[in-house]
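Examining the three-dimensional arrangement
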Amino acid sequence: MPPKPTPRGSAAAGLSPQAVEHLRPRLESVLSSTDARARIAFDPVEFPHRYTDPRDIEVSALLAAGLAYGRADLFRPKVDALLQRMGTSPAAFVRALDVPGARKLLAGFVYRFNVGTDVAVLLMGMGRVLREQGSLEALFLQGLQTRDTLHGALDHFTTGVRSVPMDGLRAALGPERGLHHLLPSPLGAGAAKRLNLFLRWMVRGPDAVDFGIWKRVPASALLIPLDTHIGRISRHLGLTHRNDLTWRTAEEVTAALRSLDAADPVRYDFALCHYGMSGACPAQPVPENCGRCPLLQVCAVGPGVVAAATRRVGKTTARKGNGLSVARRR
């Protein structure tokens, strides 16, 4: 049974039938025109795509999603270097990882909020879960069964991964710094974008992007991985009127998308996110982009941008025309 919605205030009831009728074909156009295989090179999902074993995919995916914040050209080399040093099987590596191994791998590691101790907790925690439960999916399912909501299941998941003796790690690598950013516990009111991204990779599919290796979690239970791109485009399309990147906003956007596809509400996430990332729908609207956007007719912003640009062109043309007429009379 899918998890119940998180009791954090009422989520949006979804879209009207008329809105669905207008929006679905235009979202399908964006989806069908997205070159997913090419865009993977700009997405942290590229890292788990290096592997075929489900356990290697799980481990590399959670590591990649956990560090996928900030600029891609900064976090991608960090993830790549760690995976290279972990060898051909990340799952085998973390199963065997101990404190001396963590020190060898992570001494001096720093990426923005995170230091080596933070990442060591993630890796050693995943190793313990694999040894004791066989998969990361098993830990997440345990949370679904005991906590009954997606928010609760993710909280159980991060708490379980973080269950690592800290004294030895602190002695070897120093104190943790951004562990709550990497593995938030308790989960809190934030959108948990990177954790929901990891879930999407594991649960949806299999297709060109997502893996579909967690067979016991329904795609209908997923929540949109809410970031600035998805938030902006969702407001443009009327999927939410909220401006914050919180769990409640993610629930509203997902409820609207569930009106389009109840079984797979986050199926448009990759295409819409990369539509924003690519510059096709930037934070500051570009009239040329808006004019050729397949979402223009269902966008709350684009038509006004195009109309304003058209008026400016008309005024400029009129001024030039008036100047030419005066010149001819002279």
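Residues numbered from 1 in each chain as written. Predicted model: local features only at pLDDT ≥ 70, side-chain atom pairs only at ≥ 80, totals over all residues. Heavy atoms only, no water.

1. Here we look at helix H12 (residues 193-203)
Where we set the bar: When a residue's accessible area, from a 1.4 Å probe over protein chains only, is under 20% of the maximum for its type it is buried; when over 50% it is exposed; and in between it is partly exposed. Helix and strand labels come from DSSP, where a helix needs a run of H or I of at least four residues and a strand needs a run of E of at least two; each type is numbered from the N terminus. Every residue pair with non-hydrogen atoms within 4.5 Å of one another is taken to be in contact.
Within H12, 10 of the 11 residues are buried, leaving the element largely enclosed by the surrounding structure. Listing the buried residues of H12 in full gives Arg194, Leu195, Asn196, Leu197, Phe198, Leu199, Arg200, Trp201, Met202 and Val203. Looking at the packing, one finds that the buried side of H12 touches helix H3 (54-67), helix H8 (136-147), helix H9 (150-161), helix H11 (179-182), helix H14 (247-260) and helix H15 (269-277). Downstream of H12 by one or two residues, Gly205 has phi in the positive range, about 90°.

2. As for the packing of aromatic side chains
Selection criterion: Centre distance within 6.5 Å is the pairing criterion for rings of Phe, Tyr and Trp, where only the six-membered ring of Trp is used; planes under 30 degrees apart are then read as stacked, over 60 as edge-to-face, and the remainder as tilted. Sitting over a ring, as applied to charges here, requires NZ of Lys or CZ of Arg to be within 6 Å of the ring centre and within 35 degrees of the ring normal.
Under the defined criterion, the tally for this structure stands at 6 aromatic pairs. Ring plane angle 85° and centroid distance 5.5 Å describe the contact between Phe198 and Trp214, whose orientation is recorded as edge-to-face. Here the residue Phe198 occupies a position in helix H12, and Trp214 occupies one in the loop between H12 and helix H13 (228-236), the gap between them amounting to 16 residues. For Phe198, a relative accessible area of 0% translates into the label buried. Directly above the ring of Phe109 sits Lys78, whose terminal nitrogen or CZ lies 5.4 Å from the centroid.

3. What about the packing of helix H4 (residues 72-86) against helix H6 (residues 99-106)?
Put simply, the rule reads: Comment: axis = line fitted to C-alpha atoms, over the contacting stretch for helices; angle = value between 0 and 180 degrees taken between N-to-C directions. In this scheme, roughly parallel covers angles under 35 degrees and roughly antiparallel covers those over 145, while 65 to 115 is roughly perpendicular and the rest are oblique. In this scheme the crossing of two helices becomes right-handed for a clockwise turn of the near helix relative to the far one and left-handed for an anticlockwise turn of less than a right angle.
Orientation of H4 relative to H6, taken along the N-to-C sense of each, is 135°, at an axis distance of 11 Å. Here H4 is positioned oblique relative to H6, judged by the angle of their axes. As for how H4 packs across H6, the hand of that crossing is right-handed. Contact residues: Leu82, Arg85 and Met86 in H4; Lys104, Leu105 and Leu106 in H6.

4. Considerations on the pattern of salt bridges
We count it as follows: Here, a salt bridge means any side-chain nitrogen of Lys or Arg that lies within 4 Å of a carboxyl oxygen of Asp or Glu.
The full count for this structure, using the stated rule, is 17 salt bridges. Between Arg76 and Glu46 there is a salt bridge, with the nearest N and O atoms lying 2.6 Å from each other. In this pair, Arg76 is assigned in helix H4 and Glu46 in the loop between helix H2 (36-39) and H3, connecting sequence segments 30 residues apart. According to the relative accessible area criterion, Arg76 is partly exposed, its value standing at 29%. Its relative accessible area of 16% is what places Glu46 among the buried residues. The salt bridge partner of Asp167 is Arg170, with a shortest N-O separation of 3.9 Å. Here Asp167 pairs with Arg170, and both are found in helix H10 (residues 167-173), just 3 residues apart, close to one helical turn. Judged by its relative accessible area of 35%, Arg170 falls in the partly exposed class.

5. Comments concerning the side chain of Arg200
Turning to its location among the elements, Arg200 is positioned in helix H12. On the accessibility criterion, Arg200 (3% relative accessible area) is buried. Beyond its immediate chain neighbours, meaning those up to four positions away, Arg200 contacts Val209, Asp210, Leu222, Val266, Asp269 and Phe270.

6. Here we look at the environment of Ala102
The topology assignment puts Ala102 in helix H6. Using a relative accessible area of 0% as the deciding quantity, one classes Ala102 as buried. Distance from Ala102 to His274, taken between C-alpha atoms, is 34 Å for residues 172 residues apart in sequence. If we ignore the near neighbours within four places in the chain, the residues touching Ala102 are Leu97, Ala107, Ala120, Met124, Leu169 and Leu173.

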